[in-house]
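Overview (structure and organization)
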Amino acid sequence: MKLTHTRAVFLMVAVTLMWSIAGVITRQLEHARSFEVTFWRSFFTMVSLLVILPFLQGREVFVKIRRGPLALWVSGVCWSVMFTAFMVALTLTSVANVLVTMSLGPFFTAILARVFIGHRIPGRTWVAILVAGAGIAYMYGTQLEAGGLAGTLVALCVPVAGAVNWTVTQRSHSQGQDVDLVPAVLVGAVISSIVTLPLAMPLRATMHDVGLLALLGLVQLAIPCCLAVACARVLKAPEIALLALLEVIFGIVLAWLGADEVPSQTVLVGGALVIGALVANELVGWKQRAA
């Protein structure tokens, strides 16, 4: 089936919905905590991709990984940081805090791309970065007073690693070496599983926990990552950035409805500044490119 623009948009909405289930499902766990949560999700992501990748790309995909450029392995390390920091952060702070902090990714990417690739940052993006920074500073300042800053700082590793990942893969592309992001996700899942297993011992997860984390590995990570890569071949970067923000909205609503986790006023105000800045930046840029 050919992926048209309309189908890609609806598929990307479905992807963000799948991404957004992590918070509410994590809140249903019985005994698994911190690094054990990360280990099981990464492990089941790895197992899922070991089945999905040969089906999509054939068995030669494993040869491509072994012979892959340095950028692919750097990308894999970045994915492993994102996998680990995201799940650990969810065990330390609210779902809303984590998702709003993650939405800073496009701004970190713009700054790193300017420094290491030479991409020019438009004035509108600098304004958006300042507004988003004010929103995050407001969130962080309140949490510092309440003594709950650790989880949000861990969550900050996710957009930073994502920005490094994008910059490395774009620089590799400019040098004539494209990085296939789905095999890089597999590399990240393997690294995350290996690194977090010793930290997760002794394993305390019940079968109920393992079942939920297997669901996350397959439905929340492996499948949507493959679908997102397919959508990226049809949709433009600003469209992807805007649609990806639905994860923040879906995730907060699901945690609210499914885990009684009501977002604080601080998160709502700070999050509104961050998301509003990103939406305005992408819409203005989109309109200027279309003119």
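Note that this is a predicted model, so its numbers are computed, not measured.

Our next topic: the overall build of the protein. Along the backbone of the protein there are 14 helices and zero strands. For the protein, the sequential pattern of α-helices and β-strands runs α-α-α-α-α-α-α-α-α-α-α-α-α-α. Projecting the C-alpha coordinates of the protein onto the three principal axes gives extents of approximately 55 × 50 × 35 Å. Residues counted as buried form 48% of the 291 residues belonging to the protein. Summing over all exposed atoms, the protein offers an accessible surface of approximately 13,900 Å²; the carbon and sulfur share of this is 69%. Positive and negative charge centroids in the protein, built from 18 and 12 side chains respectively, lie 13 Å apart.

Once that is clear, we can look at the packing of aromatic side chains. Counting across every chain of the model gives six aromatic pairs. A centroid spacing of 5.3 Å and a plane angle of 75 degrees characterise the contact between F43 and F44, whose relative ring orientation is edge-to-face. F43 gets classed as partly exposed once you look at its relative accessible area, which sits at 28%. Ring centres 5.9 Å apart and planes at 35 degrees place the aromatic pair W79 and F83 in the tilted group. Taken together, the residues W79 and F83, both in helix 5 (residues 70–92) and four residues apart, mark about one turn of the helix. In this structure W79 comes out as buried when scored by relative accessible area, which is 17%. For F83, a relative accessible area of 3% translates into the label buried. Among the aromatic residues, those joined into a ring-pair cluster are F39, W40, F43 and F44.

Further remarks concern the nonpolar core. One finds F86 and F107 to be the most contacted residues of the largest nonpolar core, which totals 69 residues. The biggest single contributor to this core is helix 5, with ten residues. Leave out the neighbours within four places in its chain, and F107 touches A128, I129, A132, V274, A277 and L278. A8, W19, C231 and L243 belong to the second largest nonpolar core, which has ten residues in total.

Geometrically, the link from M201 to P202 is a cis peptide bond, its omega value of -10 degrees lying close to zero. Its location among the elements puts P202 in the loop between helix 10 (181–200) and helix 11 (207–232). The residue S34 is not glycine, and still its phi comes out positive at about 45 degrees. Secondary-structure assignment places S34 in helix 3 (residues 34–57). Assessed through its relative accessible area of 24%, S34 is described here as partly exposed. Here D260, not a glycine, exhibits a phi torsion of approximately 55 degrees, which is positive. Inspection of the secondary structure puts D260 in the loop between helix 13 (246–259) and helix 14 (265–290).

The rules behind the values
- Residues numbered from 1 in each chain as written.
- Predicted model: local features only at pLDDT ≥ 70, side-chain atom pairs only at ≥ 80, totals over all residues.
- Heavy atoms only, no water.
- Helix = DSSP H or I, 4+ residues; strand = E, 2+ residues; numbered from the N terminus.
- Buried < 20%, exposed > 50% of the residue type's maximum accessible area, 1.4 Å probe, protein only.
- Areas by Shrake-Rupley, 256 points an atom, 1.4 Å probe, with all protein chains shown as cover.
- Lys, Arg positive; Asp, Glu negative; His and termini not counted.
- Charge placed at Lys NZ, Arg CZ, Asp CG, Glu CD.
- Phe/Tyr/Trp six-rings, centres within 6.5 Å; stacked < 30°, edge-to-face > 60°.
- Core = buried A, V, L, I, M, F, W, Y, C linked by side-chain atoms within 4.5 Å.
- Contact = heavy atoms within 4.5 Å.

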